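What follows is the residue order along each chain.
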Amino acid sequence: MAIQENIKQILNDLPQEVTLVAVSKTKPVEDLQVAYDAGQRDFGENKIQEMCDKQLVLPKDIQWHMIGNVQRNKVKYMAEFVYLIHGVDSLRLLKEIDKQAARFDRVINCLLQMDIAQEETKTGLDAEELTSILSDEVLQLPNVKVIGLMGMATFTDDQQQIRKEFSTLKNTFDDLKKQHTDLTVLSMGMSGDYPIAIEEGSTMIRVGSAIFGGRN
Ligand SMILES: *Cc1c(COP(=O)(O)O)cnc(C)c1O
């Protein structure tokens, strides 16, 4: 099977400390099952409804990563099972995650998304906003834990540009870590740019098309 081969190949070149999240958005559960049978346990989706539908029918030891934009009114649907929310970009969202996690007596791990790309379309926080969001107020939310940062580089062929953006994210991560020792995860790198991301210090890559093939 191509999916198995793709995973094997990616893992082969991956440093041990880097986690592979298989991004399975738009793909049928049969494809996820093939990846699961090959040993993959971390899966990423960008729509809450789709993730919930898949979670219902797939093995329970899968770790589900929400990598897309999160609408506050939908947090409740994934609060019972989501493993890591990558794209957190506001205090209001963190507070909602905290509230919903409490209903299930869970602590939900989150990453703050930093805006590192040139494009206007990418969302996220700047360094100043990251510092302020990691305030006492957030640290005191009992049911959320911010464990790192996430970012997406500009969609471009310019490798130097991509490297520069990942390097900015890594430097910010290292800076914040001095104050906040809970920050251990740096989620950066996709199919097109994960080798650069790893060179620049990524600990978690989110790879879709290089595993499952292109999306429509
Ligand atoms: C779709 C997506 C990915 C994976 O993209 P590929 O190019 O298919 O590897 C990674 N991160 C986010 C946030 C995504 O939305």
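For the structure itself, consult the block above.
Values in this document were obtained by computation on a predicted structure and should not be read as measured data. Per-chain numbering applies: the sequence of each chain, read as written, is numbered from 1 onward. Where local features are concerned, this predicted model is filtered to residues with pLDDT of at least 70; where side-chain atom pairs are given and counted, the filter is 80 or more; whole-chain, interface and lining totals use all residues. Excluded from the side-chain calculations are hydrogens and water; all other atoms, namely the structure's heavy atoms, are used.

**Structural notes on the side chain of aspartate 193**
Here is the rule: Helix and strand assignments come from DSSP, with helices taken as H or I runs of at least 4 residues and strands as E runs of at least 2, each series counted from the N terminus. Throughout, exposure labels follow a simple rule: accessible area from a 1.4 Å probe, protein chains only, divided by the maximum for the residue type, with under 20% read as buried, over 50% as exposed, and the rest as partly exposed. Neither His nor the chain termini are counted; the positive set is Lys and Arg, and the negative set is Asp and Glu. Whenever a carboxyl oxygen of Asp or Glu lies within 4 Å of a side-chain nitrogen of Lys or Arg, that contact is scored as a salt bridge.
Position of aspartate 193 among the secondary structure elements: in the loop between strand 7 (185-187) and helix 9 (194-199). Put simply, aspartate 193 is tucked away with no salt bridge, and the nearest opposite charge, on arginine 206, sits 6.7 Å away.

**What about the packing of aromatic side chains?**
As a reminder of what qualifies: Note on aromatic contacts: the rings of Phe and Tyr and the six-membered ring of Trp form a pair at centre separations within 6.5 Å, being stacked when their planes are under 30 degrees apart, edge-to-face when over 60 apart, and tilted otherwise. Any Lys NZ or Arg CZ found within 6 Å of a ring centre and within 35 degrees of that ring's normal is scored as a charge over the ring.
Within the structure shown, the criterion is met by one aromatic pair. Ring plane angle 40 degrees and centroid distance 6.1 Å describe the contact between phenylalanine 43 and tryptophan 64, whose orientation is recorded as tilted. Of the two residues, phenylalanine 43 is situated in strand 2 (residues 42-45) and tryptophan 64 in strand 3 (residues 63-66); the sequence distance between them amounts to 21 residues. Above the ring of tyrosine 36, the side-chain terminus of arginine 41 is found at 3.5 Å from the ring centroid.

**Brief notes about the packing of helix 1 (residues 2-12) against helix 2 (residues 29-37)**
The line we're drawing: Axis angles are defined between N-to-C directions and span 0 to 180 degrees, where every axis is a line fitted to C-alpha atoms and, for a helix, only to the segment in contact. Each angle receives one of four descriptions, namely roughly parallel if under 35 degrees, roughly antiparallel if over 145, roughly perpendicular if within 65 to 115, and oblique otherwise. Crossing handedness follows the turn of the near helix against the far one: under a right angle anticlockwise gives a left-handed crossing, and clockwise gives a right-handed one. In what follows, residue pairs with any heavy atoms lying within 4.5 Å of each other are defined as contacts. The nonpolar class holds Ala, Val, Leu, Ile, Met, Phe, Trp, Tyr, Cys and Pro. Asp, Glu, Lys and Arg form the charged class, and all remaining residues, Gly among them, are polar.
Close contact between helix 1 and helix 2 brings their axes to 9 Å; oriented N to C, the two are set at 50 degrees. Judged by the inter-axis angle, helix 1 sits oblique to helix 2. Between helix 1 and helix 2 lies a crossing whose hand is right-handed. Here Ile3, Gln4 and Ile7 of helix 1 come into contact with helix 2, specifically with Asp31, Val34 and Ala35. Its residues assigned to classes, the contact of helix 1 with helix 2 shows four nonpolar, one polar and one charged.

**Quick notes on the site of the ligand**
Threshold: If even one non-hydrogen atom of a residue comes within 4 Å of a molecule or strand, that residue is called near it. Under this definition, polar contacts are N or O atom pairs within 3.5 Å; protein pairs additionally need one hydrogen-donor-capable and one acceptor-capable atom, and for neighbouring residues in sequence, both atoms have to be side-chain atoms. The Shrake-Rupley method, run with a 1.4 Å probe, gives the accessible areas here. Residue values count only the displayed protein chains as cover.
Near the ligand you find Val23, Lys25, Ile67, Met150, Met152, Met190, Ser191, Arg206, Val207, Gly208, Ser209 and Arg215, and these make up its full shell. With respect to the ligand, the side chain of serine 191 contributes an N or O atom lying 2.5 Å from an oxygen atom. Here an oxygen atom of the ligand and a side-chain polar atom of arginine 215 are 2.8 Å apart. Protein contact buries 90% of the 390 Å² of open area that the ligand shows by itself. Split into classes, the residues belonging to the shell around the ligand amount to six nonpolar, three polar and three charged.

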